[in-house]
Amino acid sequence: LSAVGEDGAGNDPDGDGVPNAVEFAAGTHPRGTWSRSFAEGATGPFFDIRFALFNTHPTATARVLMRFMTSEGNTVSHFVLLLPLQRATVDPETLPGLEATASSTVLEADAVVVVDRTMSWDATHYGSHAETGVAAPAHAWFLAEGATHSGFVLFYLLQNPSATAANVTVTYLLPSGPPLVRSYAVAGRSRYTIWVNREDPVLAATDVSAAISSDVPIVVERAMYLDVDRQSFTAGHASAGVTAPATRWMLAEGATGPYFDFFVLIANPGTQTADIEARFLLPDGTTVAQRRTVAPRSRDTLWVDLLDPRLADTAVSTTITSLNDVPIVVERAMWWPGDGWTEAHNAAGATASAANWALAEGEVGGPDAAQTYVLVANTADEDVRVDILIHFEDGG
């Protein structure tokens, strides 16, 4: 309202090359120095979606602009003010224009904000999945996990946040044989869904990874569901893609035994065979190592429960290393219970450890009797002290 200094129409306080007047006309954030994106999202009679936002700064207020881009090409904006160290929940289904639609989301803020998304389905919430936002759109994305056999239903979700239409190429990497390549056009400021099972007979009943490229920066997620006894989406998980392969990956979560089934998914999008070592970190500090190869432009699955008797019934973290420096992509999937899967979760590995981590989402009790776990892996050779600080939505 002042138009003084940085606030003038022609000024650009966030340094993104777009002056304030243009940001105002486009409905974007004039001080959007931080951003996160989500390709997946749906509302309506079957799906419920919520976003958890957490301002990690101890003294600065965060001004957050959320923009929801629907599959019909519409954009709905919502503003959130987060006080220092405040957590807030946003339910898009309560916003006009988002009552029943598929959508992607872009968040911009003038401070660092951690954002997680949870989707539940059916009125009873018998299934759910969760994911955190990605930092920015990119020209390349990779997905290690994926299956279309045995009742699995697989979707790729593509978000194009720019005004320019995107030409997207998906290279489907199979357990054996040559990849399958398909092209797609994604309109500007919209989202696009690929139902992988129906794309080609080769993809109708297989394990599959993907390498995705676009001439315009986009955001990519994958949602995978399991239909059991004629019930749609009995279990399911969703994960964002990663923007580059790497030679080392770390997975904090993992459990085997009669209740959990634990899988590590490895994609090799390159043209050379990858010689890999999987090292499993057990609670008592001992490790179990396994070596194998992953052929070029293909994928592999490690069912961890079956790899070694010491891994048959335990909590476990994992590191995956490419011994010959061929970059790979690694994800972790868990399904439960063991006598008939009705739940699942999945995540890509981390390529680096860090001294500080923040999680926006968390719930205990409530109508769904929720439980929350934080999984910590120490990949170093010395003991580490970990302090966990929990922030409640009421400010406690």
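Anyway, here's the lowdown on the structure attached to this text.

What counts, and at which threshold
Residues numbered from 1 in each chain as written. Predicted model: local features only at pLDDT ≥ 70, side-chain atom pairs only at ≥ 80, totals over all residues. Heavy atoms only, no water. Helix = DSSP H or I, 4+ residues; strand = E, 2+ residues; numbered from the N terminus. Buried < 20%, exposed > 50% of the residue type's maximum accessible area, 1.4 Å probe, protein only. Contact = heavy atoms within 4.5 Å. Polar contact = N/O pair within 3.5 Å; in protein donor to acceptor, adjacent residues only side chain to side chain. Pairing = 2+ DSSP bridges. Axes fitted to C-alpha atoms, helices over the stretch in contact; angles between N-to-C directions. Phe/Tyr/Trp six-rings, centres within 6.5 Å; stacked < 30°, edge-to-face > 60°. Lys NZ or Arg CZ within 6 Å of the ring centre and 35° of its normal.

For Trp249, the location among the structural elements is in strand β16 (residues 248-251). In this structure Trp249 comes out as buried when scored by relative accessible area, which is 2%. Considering only alpha carbons, one finds Trp249 and Thr321, 72 residues apart in sequence, at a separation of 6.5 Å. Those residues in contact with Trp249, other than ones at most four positions away along the chain, are Val242, Ala244, Thr318, Thr319, Ile320, Ile328, Val329, Val330, Gly349, Ala350 and Thr351. Side-chain polar atoms of Trp249 contact the backbone oxygen of Ala246, separated by 3.3 Å.

This part covers the side chain of Thr206. Its place among the elements puts Thr206 in the loop between β13 (190-195) and β14 (209-228). Ignoring anything within four residues of it in the chain, the contact list for Thr206 reads Gly146, Ala147, Thr148, His149, Leu174 and Pro175.

Spatially, four strands are ordered β20-β17-β22-β23 in an open sheet, and the strand pairing comes out antiparallel. Two strands close off the open sheet at either side, each with one partner strand: β20 (298-303) and β23 (343-348). Neighbour to neighbour, the strand axes of the sheet diverge by 20° on average, direction disregarded. In terms of strand pairing, strand β22 (residues 329-336) meets β23 through six bridges, oriented antiparallel. Paired with Ala333 across the strands is Asn346, a residue of β23.

Pairing within the open sheet is antiparallel, and its four strands lie in the order β1-β6-β3-β4. Every interior strand has two partners, whereas the edge strands, β1 (34-38) and β4 (75-82), have only one. Averaged over all pairs of adjacent strands, the angle between their axes in this sheet comes to 15°, without regard to strand direction. Strand direction decides the pairing type here: β1 and strand β6 (residues 103-109), joined by five bridges, are antiparallel. Paired with Trp34 across the bridge in β6 is Ala109.

The next thing to look at is the packing of aromatic side chains. A complete count under the given rule lists 19 aromatic pairs for this structure. Seen in terms of ring centroids, Phe152 and Trp335 are 5.3 Å apart; in terms of plane orientation they differ by 65°. Their pairing is edge-to-face. Separated by 183 residues along the polypeptide, Phe152 in strand β10 (residues 152-160) and Trp335 in strand β22 bring together distant segments of the chain. Given the relative accessible area of 2%, Trp335 is considered buried. A centroid spacing of 6.2 Å and a plane angle of 65° characterise the contact between Phe155 and Tyr225, whose relative ring orientation is edge-to-face. Here Phe155, found in strand β10, pairs with Tyr225, found in strand β14; they are 70 residues apart in sequence, far enough to count as distant. The burial state of Phe155 is the same as that of Tyr225; both residues are buried. Joined through ring pairs, the aromatic side chains of Phe46, Phe47, Trp121, Phe155, Trp195, Tyr225 and Phe233 make up one cluster. Geometry around Trp195 places Arg198 over its ring, the cationic atom sitting 3.6 Å from the centre.

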